[in-house]
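Here is how the chains run, residue by residue.
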Amino acid sequence: MERRDKYNYYLDIAETVLERGTCLRRNYGSIIVKNDEIISTGYTGAPRGRKNCMDLKMCIREQKNVPRGTHYELCRSVHSEANAIISASRRDMIGATLYLVGKDAKDGTFVEDANSCAMCKRLIINAGIKTVVIRKNKQEYKVIDVQEWIDDDDSLSNEIGY
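Everything numeric in this text was worked out from a predicted model, so none of it was measured. (Residues numbered from 1 in each chain as written. Predicted model: local features only at pLDDT ≥ 70, side-chain atom pairs only at ≥ 80, totals over all residues. Heavy atoms only, no water.)

## Quick word on the environment of Val78
Here is the rule we go by: Every helix listed is a DSSP run of H or I at least four residues long, and every strand listed is a run of E at least two residues long, numbered separately from the N terminus. Contacts: residue pairs with any heavy atoms within 4.5 Å of one another.
Tracing the backbone through its elements, the reader meets Val78 in the loop between helix 3 (60-63) and helix 4 (80-86). Residues Val78 and Thr44, 34 residues apart in the sequence, show an inter-C-alpha distance of 5.7 Å. When neighbours within four sequence positions are excluded, Val78 is seen to be in contact with Tyr43, Thr44, Gly45, Ala46, Pro47, Asn83 and Ile86.

Spelled out as structure tokens, the structure:
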């Protein structure tokens, strides 16, 4: 038996976290890890005390055919990365790694080319997180140095339209 590599180990945990997600389109799970210790977790869902899309049995973005990656302001959910960051101390996040897994809520397939949205990228940068690891499939993942997002400031501005 071969031992699971560390990236996939943490991605497996993030994948379990996403199962708590309440989005009808796509669910994401995030965990923040520093020095091999899980600092916090987060999944996609409405703010505490508010109704989730799965409880309402409708998604406004789906009803309006809003394309993926646009008009997040219409969404009821807080993204998994934001929820993980909210649950952690910045002191603990500086230099940490965020592991992110996304799945389609209807068929359970991994989200192709998953990445953090522009707002979550800004939160990740300000939290002091150093690396983001995103699952592509059960074995493959991509590793992003957050410094690339900082250095590529024009690209981030273009993503959000200014």
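## What to know about the packing of aromatic side chains
In plain terms, the rule: Aromatic contacts are taken between Phe, Tyr and Trp rings whose centres are within 6.5 Å, Trp giving its six-membered ring; a plane angle under 30 degrees counts as stacked, one over 60 as edge-to-face, and the others as tilted. Exposure classes here rest on a 1.4 Å probe applied to the protein chains alone. A residue is buried below 20% of its type maximum, exposed above 50%, and partly exposed in between. Look at NZ for Lys and CZ for Arg. If either is within 6 Å of the ring centre and within 35 degrees of the ring normal, a charge sits over the ring.
Tallied over the full model, the rule gives four aromatic pairs. A centroid spacing of 5.2 Å and a plane angle of 40° characterise the contact between Tyr10 and Tyr99, whose relative ring orientation is tilted. Of this pair, Tyr10 sits in helix 1 (residues 6-18) while Tyr99 sits in strand 3 (residues 97-104), placing them 89 residues apart in sequence. The exposure class assigned to Tyr10 is buried, which follows from its relative accessible area of 4%. Aromatic ring contacts, followed pair by pair, group Tyr7, Tyr9, Tyr10, Tyr99 and Tyr141 into a single cluster. Its end group placed over the ring of Phe110, Lys103 keeps NZ or CZ at 5.2 Å from the ring centre.

## With respect to the nonpolar core
Put simply, the test is: For the purposes of this section, nonpolar cores are sets of buried Ala, Val, Leu, Ile, Met, Phe, Trp, Tyr and Cys residues that join through side-chain atoms within 4.5 Å.
One finds Ile32, Ile85, Met93, Leu98, Ile124, Ile129 and Val132 to be the most contacted residues of the largest nonpolar core, which totals 19 residues. The set of elements that each furnish at least two residues to this core consists of strand 1 (26-34), helix 4, strand 3, helix 6 (118-127), strand 4 (131-135) and helix 7 (146-151). One finds Leu18, Ile31, Val101 and Val133 within the second-largest nonpolar core, a separate group that totals ten residues.

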